[in-house]
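Fold and geometry: a report
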Amino acid sequence: MGIPQPAFYIFKCEQSAPPGMPKPSCVTPQTQDLFQYLATKLMQEGIMGTVQPIRTSCMNRCSSGPIMLVEPGHTMYAGLTKEKIDKIISEHIIGGNVVSEYVINSEQWDDPISPAEMKKQMGM
């Protein structure tokens, strides 16, 4: 028997904009500990072996940050806080129910399109 695959992957944006940049950032002095908090919470719940937190760079949703993407399900959560992470872990990751009030709005996160469709839209 092999090592089981994770049931979930959580991609947490860890991009920080340099000082003076006009765009918002997912990592600020106030939010810089959210990834560590997420990992610690998964360990405390005893589920780190089946949930893999992954640090990512920018996912182009800066105005909605801090953000994280949960796979499978292609669910992006926005405006993260420690309290929101707690609820996402208990209700979505453990309970199986997406926390809809924390999901990014559809203007920022519409349905996916295939690479072939993107090429068509780009006139290629």
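Residues numbered from 1 in each chain as written. Predicted model: local features only at pLDDT ≥ 70, side-chain atom pairs only at ≥ 80, totals over all residues. Heavy atoms only, no water.

- The name given to the chain in an unreviewed UniProt entry is Ferredoxin, 2Fe-2S, with the source organism recorded as Sulfurimonas gotlandica.

**Some remarks on the packing of aromatic side chains**
- Applying the stated criterion to the full structure yields 1 aromatic pair.
- Taking 6.5 Å as the distance between ring centres and 25° as the angle between the ring planes, the aromatic pair formed by Y9 and F11 counts as stacked.
- On the accessibility criterion, F11 (24% relative accessible area) is partly exposed. (Phe/Tyr/Trp six-rings, centres within 6.5 Å; stacked < 30°, edge-to-face > 60°. Buried < 20%, exposed > 50% of the residue type's maximum accessible area, 1.4 Å probe, protein only.)

**Re the side chain of T31**
- Looking at the element boundaries, T31 is found in the loop between β1 (8–13) and α1 (34–44).
- Overall, the relative accessible area of 14% leaves T31 in the buried class.
- Residues in contact with T31, not counting those within four places in the same chain, are C26 and P66. (Helix = DSSP H or I, 4+ residues; strand = E, 2+ residues; numbered from the N terminus. Contact = heavy atoms within 4.5 Å.)

**Details of the packing of α1 against helix α2 (residues 82–94)**
- Relative orientation of the contacting elements α1 and α2 amounts to 35°, with a least axis distance of 10 Å. The hand of the α1/α2 crossing is right-handed. Contact residues: α1 offers L34, Y37, L38, K41 and L42, while α2 offers K82, I85, D86 and I89.
- Here the contact of α1 with α2 is composed, by residue class, of 6 nonpolar, no polar and 3 charged. (Axes fitted to C-alpha atoms, helices over the stretch in contact; angles between N-to-C directions. Left-handed = near helix turned anticlockwise from the far one by under 90°. Nonpolar A, V, L, I, M, F, W, Y, C, P; charged D, E, K, R; others polar.)

**A closer look at the side chain of K41**
- Along the chain, the position of K41 falls in helix α1.
- Non-local contacts of K41, meaning those with residues more than four positions away in its chain, are made with D86 and I89.

**Remarks on the sheet that holds β1**
- The strand order across the open sheet built from 4 strands is β2-β1-β3-β4, with neighbouring strands paired in mixed fashion. What marks the edges here is a single partner per strand, and that holds for β2 (51–56) and β4 (75–77). For this sheet, the mean inter-axis angle between neighbouring strands, taken without regard to orientation, is 20°.
- Bridging between strand β3 (residues 68–71) and β4 involves 3 bridges; their strand directions are antiparallel. Across the sheet, V70 pairs through a bridge with T75, a residue of β4.
- Most of the contacts of α1 go to β2, to which it runs at about 170°, and overall it touches β1, β2 and β3. (Pairing = 2+ DSSP bridges.)

**Concerning α2**
- Where α2 bends most, the angle comes to about 30°, and this point is I88.
- Those residues of α2 that sit buried are I85, I88, I89, H92 and I93.
- Looking at the residues trailing α2, positive phi occurs at G96, about 85°. (Bend = angle between axes of the 7 residues up to and from the residue.)

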